[in-house]
Each structure stands twice: as C-alpha cells, then as structure tokens.
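# Coordinates in review
Letter by letter, the chains look like this.
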Amino acid sequence: MSDLSLTIHPETPDDADAIERLVERTFGPGRYAKTAYRLREGGPPARALSFTARIGTLLVGSVRLTPIRIGETPALLLGPLTVEPPFRERGIGHALIARALAEAKTRGHRLVVLVGDEPYYEKAGFKRIPKGRAVMPGPVDPARLLVCELVGGAFDGVSGPIRPDWSA
C-alpha cells in the first residue's frame, strides 16, 4: 500500500449509498441468497465497528460488523468485506479487517465470525469452527465458517445456532 494514500475511517450514515453501490458491483444480486447476508438484512451494522477505506475522496473498500449470538454468547459477524476490483491485492482488505477487529476488541467484544476463505482470513486470526459447533440458519459450507477470538479462550464452550442480535 505504500503507493496509495489510504485512509480508514468509521462508517457514517452518509456512506450507506456508496457502500451499497460498491457491494452491488463486487457481489452482484446473488448476495441476497447468501446465508450471511440474510442474517444481516434485519438491521443496521454496528456503525462504530464498521469502516470505509478511501484513496483521496474515492471509496475503495468497506467492512461491516453486525451483532449476532452463537447460542447465548454475544459475537459479531464480519461482512461484507469489499474492495473495488482495481484496488485489490494491495492490503486494503486486511487493513480494514485489522481496524475493525482492533476497535471491536477495544470496545469489549470477544468473538467475530464470518463465512469466507480460510487461507485469506487466517492472516487476521480466523480459524475454522469445528463442524456442527455453530450453525448458520441456512446452507453454509462448514469449511468456510470461521471464528476469531479477540480474547484468548473466548470460543471455549461456545456452541449453538447463529442468529442476529438486534438488541445489542
């Protein structure tokens, strides 16, 4: 990223339309059928834990965290994480993840879950959830269900269905 003047800032309500257009360009209409999207559609993301990446005034990336529960345990769902295609493979996605996870930890959160590619997300501390230990409310490849402990041992003894937590 040394060739870019990248800034990462908390998402604001004014960013919503630009983020939606970015998500549409990068994920397309198929995103509506994905289980993780279905979990997020009932309410807003946690704005204080969601960030945008810009080069100058150009929005080039976004990451959102949404409150969920795994069984009775509070957690966060990471996603969507999106970066404009011409700006990929420059570390922007990892910079957004690092900022979101650091802020979540600072605010006392302990667990973050996502559905994604383990080789990409393990660099940020995510690991595969053992099959059957946490269950999404729709079809998800168990090899893509990942968790990051923001506090050591935070996932010990946690299990159950994953569901939105709009009361958080």
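Not measured: the values here are computed from a predicted model.

## So, the overall build of the chain
Scanning the chain from N- to C-terminus turns up four helices and nine strands. In the chain, the order of α-helices and β-strands from amino to carboxyl end is β-α-α-β-β-β-α-β-α-β-β-β-β. Whereas a compact globule of 168 residues would reach a radius of gyration of roughly 15 Å, the chain reaches 15 Å, a difference of no more than 12%. Its C-alpha atoms give the chain principal-axis dimensions of roughly 45 × 35 × 30 Å. Considering only residue pairs separated by 6 or more positions, the chain has 69% of its internal contacts joining residues 24 or more positions apart. Looking at the chain, you have 23 positive and 19 negative side-chain charges, and the mean spots of the two groups are 2 Å apart.

## Considering the pairing of strand β3 (residues 58-70)
Judged by how many residues are buried, β3 sits mostly within the fold: 11 of 13 residues are covered. Note that strand β2 (residues 51-55) and β3 share five bridges and pair antiparallel. Counted as the bridge partner of Thr-52 is Ser-62 from β3. Connecting the antiparallel pair β2 and β3 is a turn made up of two residues, with Gly-56 showing a positive phi of about 65°.

## A closer look at the environment of Gly-93
By the element assignment, Gly-93 lies in helix α3 (residues 92-106). Judged by its relative accessible area of 6%, Gly-93 falls in the buried class.

## Let's talk about helix α1 (residues 16-27)
One full turn of an α-helix is made of 3.6 residues, so residues set three or four places apart face in the same direction. With 12 residues, α1 extends 16 Å between its outermost C-alpha atoms, agreeing within 8% with the 16 Å of an ideal straight helix rising 1.5 Å per residue. Ile-19, Leu-22, Val-23 and Thr-26 are the residues of α1 that are buried. Looking straight down α1, one finds that the buried residues subtend no more than 100° of arc, so they occupy a single side. Exposed residues on α1 whose side chains face more than 90 degrees from its buried face are Asp-17 and Arg-25. For α1, the secondary structure elements touched by its buried residues are β2, β3 and β4 (73-83).

## Focus on the side chain of Ser-50
With respect to the secondary-structure elements, Ser-50 resides in the loop between α2 (35-40) and β2. Given a relative accessible area of 0%, Ser-50 falls into the buried group. Only 3.2 Å separates the side chain of Ser-50 from the backbone nitrogen of Leu-65, close enough to count as a polar contact. Aside from chain neighbours lying at most four places away, what touches Ser-50 is His-9, Pro-10, Glu-11, Pro-45, Val-63, Arg-64 and Leu-65.

## Considering the pattern of salt bridges
It is possible for side chains bearing opposite charge to pair when their charged atoms get close. A complete count under the given rule lists 10 salt bridges for this structure. In this structure, the salt-bridge partner of Arg-47 is Glu-11, at a minimum N-O distance of 2.3 Å. Taken together, the residues Arg-47 in the loop between α2 and β2 and Glu-11 in the loop between β1 (6-10) and α1 connect sequence positions 36 residues apart. Of the charged contacts, one joins Glu-11 and Arg-64 as a salt bridge, the two residues approaching to 2.8 Å between their closest N and O atoms. In this pair, Glu-11 sits in the loop between β1 and α1 while Arg-64 sits in strand β3, placing the two residues 53 residues apart along the sequence. This pair shows no difference in class: Glu-11 is buried, exactly as Arg-64 is. Sharing partners across several salt bridges, the network here consists of Glu-11, Arg-47 and Arg-64.

## Side note on α3
The end-to-end C-alpha separation of α3 is 21 Å, in line with the 21 Å expected for 15 residues at 1.5 Å each. Within the span of α3, buried status applies to Ile-92, Gly-93, Ala-95, Leu-96, Ile-97, Ala-100, Leu-101, Glu-103 and Ala-104. One or two steps after α3, the chain reaches Gly-108, where phi turns positive at roughly 90°.

The rules behind each value
Per chain, the residues get numbers from 1 upward, laid out in the order the sequence is written. The model is predicted, so local features are restricted to residues of pLDDT at least 70 and side-chain atom pairs to those at 80 or more, both for listing and for counting; the totals for chains, interfaces and linings are taken over all residues. Side-chain calculation: all heavy atoms of the structure are included, whereas hydrogens and water are not. Numbering goes from the N terminus for both helices and strands, where a helix is a DSSP run of H or I of at least four residues and a strand is a run of E of at least two. Note on method: radius of gyration uses C-alpha positions; expected globular size equals 2.2 Å times residues raised to 0.38. Contacts are assigned to residue pairs with any non-hydrogen atoms lying within 4.5 Å of each other. When charges are tallied, Lys and Arg are placed among the positive residues and Asp and Glu among the negative ones, while His and the ends of the chain are skipped. Taken as the charge location is NZ of Lys, CZ of Arg, CG of Asp or CD of Glu. Note on exposure labels: buried denotes an accessible area under 20% of the residue type's maximum, exposed denotes more than 50%, and partly exposed covers the range between, all computed with a 1.4 Å probe on protein chains only. Strand pairing is assigned whenever DSSP detects at least two bridges linking the two strands. Here a helix's expected span is defined as the number of its residues, less one, multiplied by 1.5 Å. This arc corresponds to the set of directions leading from the helix axis out to the C-beta atoms. Definition of a polar contact: a pair of N or O atoms within 3.5 Å, with one able to donate and the other able to accept a hydrogen when the atoms are protein atoms, and with sequence-neighbouring residues admitted only if both atoms are side-chain atoms. Whenever Lys or Arg places a side-chain nitrogen within 4 Å of a carboxyl oxygen from Asp or Glu, that contact is recorded as a salt bridge.

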